[in-house]
Amino acid sequence: MKQLSTVALLGVLVLTAPHLSGGQRLAMRVSPAVALAPALVTVRTTIEPSDDNRMLSIVVDSPTYHRSSEIPLDGKNSQRVNVVELRGLPTGLYEVRAVLVGPGGPIANSMQLVKVEPAAGYSR
């Protein structure tokens, strides 16, 4: 009986506990953090469902390279996870930014640096 009450208590705690992300509206993971040119870099964003979610903007920027992608969102009905692949990134240090946009403008953002090193025989 004691085991059953312990399992029930744990179940209630899991169902009522706040998200482990601490209420974070947007999380981003970029991998790899260091790569060889021409690099394939994956940007994975996780968005907390909300009626305010209108657009997700992904920007990759360096002194010699710029790319941006805008993903329209449908509020609470949007995909929770979005993945963008960046192919053929040349050598450089990149700032990768994700911005979650709502009806009144940006509501959350995240940034990560990525370094692309020259590979043997690659010149660009």
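Residues numbered from 1 in each chain as written. Predicted model: local features only at pLDDT ≥ 70, side-chain atom pairs only at ≥ 80, totals over all residues. Heavy atoms only, no water.

**Student:** Any chance you could explain the side chain of Ser62 here in plain terms?
**Tutor:** Along the chain, Ser62 turns up in strand E4 (residues 55-62). Setting aside residues up to four positions removed in sequence, Ser62 forms contacts with Leu93 and Tyr94. (Helix = DSSP H or I, 4+ residues; strand = E, 2+ residues; numbered from the N terminus. Contact = heavy atoms within 4.5 Å.)

**Student:** Hey, could you run me through the sheet that holds strand E6 (residues 81-89) in this one?
**Tutor:** The strands making up a sheet associate through hydrogen bonds between their backbones, and the pairing can be parallel or antiparallel. Here 3 strands make up an open sheet; going across it, the order is E1-E3-E6 and the pairing antiparallel. A single partner strand is all that each edge strand has here, and the edge strands are strand E1 (26-31) and E6. Strand after strand, the sheet turns through a mean of 15 degrees between neighbouring axes, direction not considered. As defined by bridge partners, strand E3 (residues 39-47) adjoins E6 across 8 bridges and the pair is classed as antiparallel. By the bridge assignment, Arg44 is partnered in E6 with Val83. (Pairing = 2+ DSSP bridges. Axes fitted to C-alpha atoms, helices over the stretch in contact; angles between N-to-C directions.)

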